[in-house]
Amino acid sequence: MDLKTFIRDIPDFPKKGIMFKDITPLLKSPEAFRSVIDIWAERYSKVGLDAVVAMESRGFIFAAPLALRLGIPFIPVRKPGKLPYRTIKETYELEYGTDSLEIHEDALAPGARVLLLDDVLATGGTAAAVSRLVERVGGKVVEAAFLMELSFLHGREKLKTTPVNSIIQY
Ligand code: AMP
């Protein structure tokens, strides 16, 4: 199945100059959606993962069914003020200004082997911040997986030593 045909390019969204990668056509196709989860389940079922960590909100869409399939916890990372229990926070640079993400301080068991998951790897700032959160709560990121990688933005470099895998590259 050519998964690229299920990704719709939306120019100048949410602002001028951004080519937004719209996953809703893929989500509308149970066959395409399932094949994404199948690819990851195949890749990650035998690497001894303890949790899938994903950032809101599009990361959640993929991480929840994958975690269920793998039979391991799904751990949400959210924008500040959304998680109800005690949290820790990481702030990261955006093109203009900064943004922050939070994780529950008891989200992971010590030494937990974690898969980090999101829909798009762009500049890598978001994934690098999530990776720091995982480490601060005692986990280790075994791999960072993305449905799509915008290779021309070199997001992998921000993830330094963390292995990166993407299903679709642009
Ligand atoms: P970055 O921190 O630059 O790697 O951006 C990653 C986050 O922004 C991910 O959570 C993506 O969902 C979102 N994102 C960045 N660029 C795009 C794009 N061109 N299309 C859709 N989502 C994007």
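Structure: above.
Keep in mind it's a predicted model, so treat the numbers as computed, not measured.

*Asks:* Teacher, can you tell me more about the overall build of the protein chain here?
*Replies:* Across its full length, the protein chain holds five helices and nine strands. Secondary structure of the protein chain in N-to-C order comes out as β-β-α-α-β-α-β-β-β-β-α-β-α-β. Here the C-alpha radius of gyration of the protein chain, 15 Å, is about what a compact globule of 170 residues would show, namely 15 Å. The 170 residues of the protein chain split such that 45% are buried. If you take every contact in the protein chain between residues at least 6 apart in sequence, the share linking residues at least 24 apart comes to 57%. Surface summary for the protein chain: the accessible area is close to 9,000 Å², and the carbon and sulfur share equals 54%. When the 23 basic and 22 acidic side-chain charges of the protein chain are each reduced to a single mean position, those positions are 1 Å apart.

*Asks:* I tried to follow the pattern of salt bridges on my own but got confused; where do I start?
*Replies:* Side-chain pairs of opposite charge can arise whenever the charged atoms involved come near each other. Considering all chains together, one arrives at 11 salt bridges under this definition. Two residues, Arg69 and Asp38, come together in a salt bridge whose shortest N-O distance is 2.8 Å. With Arg69 in helix H3 (residues 58-70) and Asp38 in helix H2 (residues 30-44), this pair connects stretches of sequence that are 31 residues apart. Overall, Arg69 belongs to the partly exposed group, its relative accessible area being 43%.

*Asks:* How do you make sense of the site of the ligand when you look at a structure like this?
*Replies:* Lining the immediate surroundings of the ligand are 13 residues, of which Arg58, Asp118, Asp119, Thr123 and Thr126 lie closest. Contact between the ligand and Asp119: an oxygen atom at 2.6 Å from a side-chain N or O atom of the residue. In the complex, the protein chains occlude 81% of the 480 Å² of accessible area that the ligand would expose alone. Put simply, the parts of the chain that give the shell around the ligand at least two residues each are strand E2 (19-22), strand E7 (113-121) and helix H4 (125-136). Across the shell around the ligand, the residue classes break down as five nonpolar, four polar and four charged.

*Asks:* Teacher, can you tell me more about the packing of H2 against H3 here?
*Replies:* Each pair of packed helices can be summarised by the angle the axes make with each other and by the distance between the axes. It is the contact of H2 with H3, at a shortest axis distance of 10 Å, that shows an interaxial angle of 50°. The angle between the axes of H2 and H3 places the two elements in the oblique class. Here H2 runs over H3; the crossing is right-handed. Taking contact as the criterion, the partners of Phe33, Arg34, Val36, Ile37, Asp38, Trp40, Ala41 and Tyr44 in H2 are, on H3, Ile61, Phe62, Pro65, Leu66, Arg69 and Leu70.

About the thresholds
For every chain, the first residue of its written sequence is number 1, and the numbers climb from 1 along that sequence. Whole-chain, interface and lining totals are the exception, using all residues; otherwise, since this is a predicted model, local features are given only for residues with pLDDT of at least 70 and side-chain atom pairs are given and counted only at 80 or more. As a rule here, side-chain values cover all heavy atoms of the structure and leave hydrogens and water aside. Here a helix means four or more residues in a row that DSSP labels H or I, a strand means two or more in a row labelled E, and each is numbered from the N terminus. Within these notes, the globule rule equals 2.2 Å times the number of residues to the 0.38 power, and the radius of gyration is based on C-alpha atoms. Partly exposed residues are those whose accessible area sits between 20% and 50% of the maximum for their type, while under 20% is buried and over 50% is exposed, using a 1.4 Å probe and protein chains only. Contacts are residue-level and defined by heavy atoms, with any inter-residue pair within 4.5 Å sufficient. Residue burial considers only the protein chains on display, and all accessible areas are found by Shrake-Rupley using a 1.4 Å probe. When charges are counted, Lys and Arg are positive and Asp and Glu negative, with His and the chain ends excluded. We put the charge of a Lys on NZ, of an Arg on CZ, of an Asp on CG and of a Glu on CD. Criterion for a salt bridge: a side-chain nitrogen of Lys or Arg within 4 Å of a carboxyl oxygen of Asp or Glu. For this description, a residue counts as near a given molecule or strand if any of its non-hydrogen atoms is within 4 Å of it. Any N or O atom pair separated by 3.5 Å or less is treated as a polar contact, with the protein-specific requirement of one donor-capable and one acceptor-capable atom, and with residues adjacent in sequence counted only for side-chain atom pairs. Charged residues are taken to be Asp, Glu, Lys and Arg, nonpolar residues to be Ala, Val, Leu, Ile, Met, Phe, Trp, Tyr, Cys and Pro, and polar residues to be all remaining types, Gly included. Whenever a helix is involved, its axis is fitted only over the stretch in contact; in every case the axis is a line through C-alpha atoms, and angles between N-to-C directions fall within 0 to 180 degrees. When an angle is under 35 degrees it counts as roughly parallel; over 145 it counts as roughly antiparallel; between 65 and 115 it counts as roughly perpendicular; any other value is oblique. Left-handed describes a crossing in which the near helix is turned anticlockwise from the far one by less than a right angle; the clockwise case is right-handed.

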